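# Inside the fold
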Amino acid sequence: RCKGTKVLPAFFAWAILLITTALFFYFPCMWFYENVSILIPLCEAVVTLFVIANFSLATFMDAGVIPKASPDEDKDDDFRAPLYKNVDINGVTVRMKWCVTCQFYRPPRCSHCSVCNKCVETFDHHCPWVNNCIGRRNYRYFFLFLISLSLHMAAVFSFSTYFLIQHKDRLTQVPTVVSLCLVTLVGILSVPVFGLAGFHVVLVARGRT
Amino acid sequence: MASKKKQTTPTDDFSARGAPSPPTQKVFIQRDYSEGTQVRFQPKFPSELEGKIEREKFEYTLNTLNEVYAEAEKMSCSSCCEGCFACLTAYLLYCCSDTHFEKCLKKVAKFIIEQNERVYVPRGLLIIDPVERGLRVIEICIFSDNPASTPARNN
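Residues numbered from 1 in each chain as written. Chains lettered and ligands numbered in written order. Predicted model: local features only at pLDDT ≥ 70, side-chain atom pairs only at ≥ 80, totals over all residues. Heavy atoms only, no water.

What follows concerns the overall build of chain B. A tally of helices and strands in chain B yields four helices and three strands. Reading the helices (α) and strands (β) of chain B from amino to carboxyl end gives β-α-α-α-α-β-β. Looking at chain B residue by residue over its 155 residues, the buried ones come to 44%. Contacts spanning at least 24 positions in sequence make up 58% of the contacts within chain B whose residues lie at least 6 apart. Accessible surface, chain B: about 8800 Å² in total, of which carbon and sulfur atoms supply 56%. (Helix = DSSP H or I, 4+ residues; strand = E, 2+ residues; numbered from the N terminus. Buried < 20%, exposed > 50% of the residue type's maximum accessible area, 1.4 Å probe, protein only. Contact = heavy atoms within 4.5 Å. Areas by Shrake-Rupley, 256 points an atom, 1.4 Å probe, with all protein chains shown as cover.)

Attention now goes to the pairing of strand E3 (residues 92-99) of chain A. Residues and elements named next belong to chain A. With six bridges joining them, strand E2 (residues 84-89) and E3 adopt antiparallel strand pairing. Among the inter-strand pairings, Lys85 is bridged to a residue of E3, identified as Met96. Linkage of E2 to E3, two consecutive antiparallel strands, is achieved through a turn of two residues, within which Asn90 is found at a positive phi near 50°. As paired elements, E3 and strand E4 (residues 104-105) share two bridges and run antiparallel to each other. For Trp98, the partnering residue across the bridge sits in E4 and is Tyr105. (Pairing = 2+ DSSP bridges.)

Parsing chain A into structural domains produces domain 1 (7-61 + 137-206) and domain 2 (65-127). Taken over C-alpha atoms, the centre of domain 1 of chain A sits 39 Å from the centre of domain 2 of chain A. (Domains from an automatic or database assignment.)

Residue and element names in this part refer to chain B. Burial along strand E2 (residues 125-128) is two-sided: the face carrying Leu125 and Ile127 and the face carrying Leu126 and Ile128 are both buried. Two elements, E2 and strand E3 (residues 137-142), share four bridges in a ladder whose sense is antiparallel. Within the sheet, the bridge partner assigned to Ile127 lies in E3 and is Ile140.

All names here are of chain A. Together, Val7, Leu8, Phe11, Phe12, Ile16, Trp129, Leu185 and Leu189 give the surface a local cluster of nonpolar side chains, amounting to about 740 Å² of exposed area. Of all the secondary-structure elements, those providing two or more residues to the nonpolar patch are helix H1 (3-26) and helix H5 (174-206). When residues of the nonpolar patch are assigned to their parent elements, the largest contribution, five residues, is made by H1. Here Trp129 shows up in the loop between strand E7 (125-127) and strand E8 (132-134). (Patch = residues over 30% accessible without salt bridge, like charges linked within 9 Å, V, L, I, M, F, W, Y side chains within 5 Å. Salt bridge = Lys/Arg side-chain N within 4 Å of Asp/Glu carboxyl O.)

Turning our attention to the layout of surface pockets. To locate leftover empty space, one rolls a probe as large as a water molecule over the atoms. All names here are of chain A. The volume enclosed by the second largest pocket comes to roughly 570 Å³. Lining the second largest pocket we find 23 residues, and of these Ala13, Leu149, Met153, Leu189 and Val193 sit closest to its centre. Elements with a contribution of two residues or more to the lining of the second largest pocket: H1, helix H4 (139-166) and H5. Looking at the lining of the second largest pocket, its residues break down into 20 nonpolar, three polar and no charged. (1 Å grid on protein atoms, 1.4 Å probe; cavity = no way out; pocket = protein on both sides within 12 Å on 5 of 7 lines; lining within 4 Å. Points joined across faces, edges and corners; volume = space filled by probe spheres on them. Nonpolar A, V, L, I, M, F, W, Y, C, P; charged D, E, K, R; others polar.)

Ranked by internal contacts, the top residues of the largest apolar core, which has 35 residues, are Tyr141(A), Leu149(A) and Tyr91(B). Considering each element in turn, this core owes the most residues, nine residues, to H4(A). (Core = buried A, V, L, I, M, F, W, Y, C linked by side-chain atoms within 4.5 Å.)

Residue and element names in this part refer to chain A. Where H4 contacts H5, the two axes come as close as 8 Å, and the packing angle between them is 150°. At the point where H4 passes H5, the crossing takes the left-handed sense. Its residues assigned to classes, the contact of H4 with H5 comprises 24 nonpolar, eight polar and no charged. (Axes fitted to C-alpha atoms, helices over the stretch in contact; angles between N-to-C directions. Left-handed = near helix turned anticlockwise from the far one by under 90°.)

With that settled, consider the UniProt feature "domain: Golgin subfamily A member 7/ERF4" (unreviewed entry) in chain B. The feature "domain: Golgin subfamily A member 7/ERF4" (unreviewed entry), as given by UniProt, occupies residues 27-139 of chain B in the numbering adopted here. For residues 27-139 of chain B, the helix share is 50%, the strand share is 10%, and the end-to-end C-alpha distance is 6 Å. (UniProt positions renumbered as here; feature names shortened; annotations may be inferred.)

This brings us to the interface of chain A and chain B. Size of an interface: often given as the accessible area lost when the parts come together. With 27 residues of chain A at the contact, the number on the chain B side is 25 residues. Taken together, the two surfaces of chain A and chain B that pack against each other cover about 2200 Å², and 57% of this comes from carbon and sulfur. Among the residues chain A hides against chain B, the three largest losses belong to Phe50(A), Asp72(A) and Glu73(A). Together they make up 21% of the total. Counting across the interface, chain A meets chain B through one salt bridge. A salt bridge links Glu73(B) to Arg136(A); the nearest nitrogen and oxygen atoms lie 2.6 Å apart. At the boundary of chain A with chain B, the tally comes to four residue pairs in polar contact (both at pLDDT 80 or more). If you list the elements that add at least two residues to the side of chain A that touches chain B, you get helix H3 (39-60), strand E1 (65-66), E2 and H4 of chain A. The greatest single-element share of the side of chain A that touches chain B, amounting to five residues, is contributed by H3(A). (Buried area = accessible area lost by both parts, 1.4 Å probe. Polar contact = N/O pair within 3.5 Å; in protein donor to acceptor, adjacent residues only side chain to side chain.)

In structure tokens:
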């Protein structure tokens, strides 16, 4: 089992987040603190804390894994249980599928994650950047992580751009070069992140997570 | 913050639950989805328990469990505030206190222990907390007549 490759995207995500945030605080943010207001680094610190807290919980919180059923639960005399079992929910007939790995009929909105090899309640998806399933118990943290990360990226992008404009006559200095890199990197990464955040906002609004 | 569910198979350790030997039979109470996807178990009296326990006692247990689970999942002002406050403290609140749902699960655990002690074990039955099965089923173990539960007879 090459567990190393599973952790790689999450490792990169944490690395990019921490390094760019650190660079932002050390270079452009210091200028804002000295020349504009202390509120800017302060607010940015709060947003960063939110990003890290939600990222951590989305990563480490159990998504709502349903433990595998022990063999004594199967009271069917048949060699194989029927693949589907119908159940009535508020008058609507819903089909529950038999999970061969976990040995039970999957409750409504439960799905089997092939990466984790477990059934997860209200399964959304398996996120490689978080190296965890997103399901019932941790969806709120994942969602808030996306929102706070979008906010954080927007802030870093805006402040770094403003810093660049203010220092466009000193393009060879380290802080300016760093700001340019930040603007470029955050600008590129904001496309998938904002896109995903927007998508989940729509899902939540429509109640279709 | 992480899941507090035990990782060992739930059905192995019977001596710790006050049962003298492995069960002869198991009854599984399934989830009742007729009113929605919230946690609720079918209050129907299973035929395997006929003669082993009074219907009212069983129904009382099931109905109380269903009530506690309903309360756990209910969206109330306090649970919303708890969530918002936890978020504002960067979830450090969860290091100090349990969520509303976890508190209700603890209530269920206490209730099941009390019911087992007072009602079920004296009748040769044992209820296993459904949280050990991922809240899918309530497992009731039936033990055969054992010398511990019946008084010693002199032939």
